[in-house]
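# Examination of the molecular architecture
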Number of protein chains: 2
Amino acid sequence: MSAFLYSSLLAVTIFLGECCHAALLGNPQVIDMTYTFDDTTVNWPTREPFRLKDTFRGYHEKGYYYEGSSYEGFEHSGTHVDAPSHFCKDKWRMDAVPLERLMGPAVVVDVSNKTDNNADYAVTAQDFQDWEVSNGRIPDGSIVLVRTGWGQYWSDKRKFLGTDTTDTSLLHFPGIDPEGARWLVQNRGMHAVGIDTGSLSPGQSHTFSAHQVLCEADIIGLECVANIDKLPTTGATVYALPLKIGEGSGGPARVIAIINNPASGSGKDEL
Amino acid sequence: MSAFLYSSLLAVTIFLGECCHAALLGNPQVIDMTYTFDDTTVNWPTREPFRLKDTFRGYHEKGYYYEGSSYEGFEHSGTHVDAPSHFCKDKWRMDAVPLERLMGPAVVVDVSNKTDNNADYAVTAQDFQDWEVSNGRIPDGSIVLVRTGWGQYWSDKRKFLGTDTTDTSLLHFPGIDPEGARWLVQNRGMHAVGIDTGSLSPGQSHTFSAHQVLCEADIIGLECVANIDKLPTTGATVYALPLKIGEGSGGPARVIAIINNPASGSGKDEL
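These figures come from a predicted structure and were not determined experimentally.

### Observations regarding the nonpolar core
Core analysis: the largest hydrophobic core is formed by 62 residues, its most contacted members being Leu-231 of chain A together with Leu-231 of chain B. Among residues more than four places away in sequence, those in contact with Leu-231 of chain A are Ile-31, Met-33, Ala-106, Val-108, Leu-145, Ala-236, Val-238 and Ala-257 of chain A.

In structure tokens, the structure reads:
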């Protein structure tokens with residue numbers, strides 16, 4: 001290794017920590033928490049699905065090879081961000097959300113043991129408080145990720161949403177109870193709350209009350225988040241970068257996590 | 001500041017460096033290098049422009065406020081990523097590009113003094129070599145960002161592209177000379193090459209030769225990159241996260257840069 005390369009890598013290591021160092025070395029500890037956008041994308045039942053269109057793949061008459069397509073989809077299908085304007089009037093739309101609200105240390109709250117026989121489970125304030133007893137206070141600026149275990153059903157649209165019809169009264173999947181959401185916004189200062197189901201509000205919530213509570217408090221929402229099960233409970237940093245849609249109510253996003261240096265740890269601390 | 005908060009911030013600082021620490025503290029040194037996607041988005045002349053559609057904003061009959069839209073656009077309009085498949089057969093399409101290729105230390109190559117009276121300027125191998133004389137070798141894993149100064153014309157579609165017609169023979173904007181691209185791929189190991197114009201190949205290149213060279217070498221392209229002028233020559237880290245389009249030839253992206261701790265510097269080094 002050249003002296004320059006070594007010093008460069010050392011500088012990068014000092015700057016960004018072992019996680020990004022590893023990424024730059026081609027031994028990434030980067031997790032893609034994004035589902036592919038194509039015809040496998042689970043779509044909100046009442047909206048048109050994601051698709052490519054006007055695709056060209058082949059040789060141009062001038063001799064060179066070329067591929068290009070247009071795309072279309074719904075802001076709230078697939079892995080995506082909810083802007084506060086989604087359920088709250090006069091709040092930030094997608095392009096107005098400050099970038100720093102879209103990144104932060106991950107907090108993984110695993111409630112998958114409560115959803116095995118209850119597709120309508122709603123995460124409570126007690127669930128978040130129980131997490132803190134084991135893991136310390138939810139940090140200001142964090143990205144709270146609720147793991148219900150629903151990611152395993154992504155490839156089965158009927159199972160993921162509870163229905164493969166457009167009848168939203170038949171939706172069944174876990175989400176956050178409004179009381180749980182209220183406890184979070186009144187007591188903790190996270191940047192965003194994400195989940196591995198199709199919506200932060202449970203399938204059987206027909207007034208989206210958890211959304212209303214979070215949007216009112218300017219908390220960013222992340223839905224259809226992939227691979228939450230690949231993250232440690234703490235010790236990763238999430239970047240949830242949405243399409244910067246002007247006046248959008250949200251946007252399809254690329255969500256990634258970079259695993260921190262395992263040696264640095266993240267212990268229990270005061271509440 | 002509580003002992004916990006202090007220890008958390010210290011841990012974050014150790015892990016991710018001052019840049020992200022600052023972001024988490026609400027004093028971000030995060031630069032959004034993305035143009036908003038709306039009717040101001042400069043569009044490739046032969047394709048349909050970006051737009052929102054089927055927009056609902058108002059009160060649902062159940063009483064809650066709601067906003068939601070669908071979107072459509074072209075993979076290669078606005079701030080976006082080119083996958084190698086864009087101009088090279090059987091290369092990575094968008095969803096196959098490894099995440100680590102989409103991030104790395106920024107290298108800003110400023111050629112804006114050569115474009116003042118030459119909208120067709122093409123960046124040469126000599127330009128990259130001159131940069132290295134002043135700044136050290138272009139690091140492996142870096143994101144090379146060419147600043148032509150064209151960002152100042154973004155709000156004027158005719159000026160940005162050279163034409164407001166669909167006649168691509170009238171396109172005039174700076175890009176990279178194929179010989180410059182060839183020097184990069186044969187001699188340096190960057191992850192990606194980006195530019196502040198509508199295309200890596202100059203407007204008057206009708207065979208997209210620079211693209212062909214870069215795609216053949218699996219180098220990721222970034223086009224219509226905003227705010228390159230806000231970055232230091234070195235000392236920032238770029239995350240260029242595109243929509244994960246299944247089998248896409250590229251995708252609209254959220255590109256951000258996090259400015260490293262200015263105190264850490266980045267000096268000239270051996271070539």
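There's more to say after this.
### With respect to the sheet that holds strand E3 (residues 65-74) of chain A
By definition, the strands of a sheet pair up through backbone hydrogen bonds, in either a parallel or an antiparallel sense. Taken in spatial order, the 4 strands of this open sheet run E2(A)-E3(A)-E3(B)-E2(B), and their pairing is antiparallel. Both edges of this open sheet fall to strand E2 (51-59) of chain A together with strand E2 (51-59) of chain B, since each of them pairs with a single strand only. With strand direction ignored, the average angle separating the axes of adjacent strands in the sheet is 5°. Looking at chain direction, E3 of chain A and strand E3 (residues 65-74) of chain B are connected through 5 bridges and run antiparallel.

### Re the pattern of salt bridges
All names here are of chain A. In the structure shown here, the tally under the stated rule is 26 salt bridges over all chains. With its nearest N and O atoms 3.1 Å apart, the salt bridge here joins Glu-247 to Arg-93. Here Glu-247 is found in the loop between strand E11 (236-242) and strand E12 (250-259), whereas its partner Arg-93 is found in the loop between strand E4 (80-82) and strand E5 (103-110), with 154 residues between them in sequence. For Glu-247, a relative accessible area of 42% gives the class partly exposed.

### Regarding the interface of chain B and chain A
Interfaces are frequently sized by the accessible area removed from exposure as the parts join. The interface is formed by 80 residues belonging to chain B together with 80 residues belonging to chain A. A buried area of about 7,400 Å², summed over both sides, lies between chain B and chain A, and 61% of it is on carbon and sulfur atoms. Where chain B touches chain A, the interface holds 6 salt bridges. Between Lys-53 of chain B and Glu-72 of chain A there is a salt bridge, with its nearest N and O atoms 2.5 Å apart. Remark: the boundary between chain B and chain A carries 30 residue pairs in polar contact (both at pLDDT 80 or more). Taken together, the residues that form the side of chain B that touches chain A break down as 36 nonpolar, 23 polar and 21 charged.

### Remarks on the packing of helix H2 (residues 125-135) of chain A against helix H4 (residues 178-187) of chain A
Residue and element names in this part refer to chain A. In the contact formed by H2 and H4, the axes pass within 7 Å of each other and the chain directions differ by 50°. Classed by the angle they form, the pair H2 and H4 counts as oblique. Packed against H2, whose contacting residues are Ala-125, Phe-128, Gln-129 and Glu-132, the element H4 presents Glu-179, Gly-180, Trp-183 and Leu-184 at the interface. Tallied by class, residues from the contact of H2 with H4 come to 4 nonpolar, 2 polar and 2 charged.

So, how was this worked out
Residues numbered from 1 in each chain as written. Chains lettered and ligands numbered in written order. Predicted model: local features only at pLDDT ≥ 70, side-chain atom pairs only at ≥ 80, totals over all residues. Heavy atoms only, no water. Core = buried A, V, L, I, M, F, W, Y, C linked by side-chain atoms within 4.5 Å. Buried < 20%, exposed > 50% of the residue type's maximum accessible area, 1.4 Å probe, protein only. Contact = heavy atoms within 4.5 Å. Pairing = 2+ DSSP bridges. Helix = DSSP H or I, 4+ residues; strand = E, 2+ residues; numbered from the N terminus. Axes fitted to C-alpha atoms, helices over the stretch in contact; angles between N-to-C directions. Salt bridge = Lys/Arg side-chain N within 4 Å of Asp/Glu carboxyl O. Buried area = accessible area lost by both parts, 1.4 Å probe. Polar contact = N/O pair within 3.5 Å; in protein donor to acceptor, adjacent residues only side chain to side chain. Nonpolar A, V, L, I, M, F, W, Y, C, P; charged D, E, K, R; others polar. Parallel < 35°, antiparallel > 145°, perpendicular 65-115°, else oblique.

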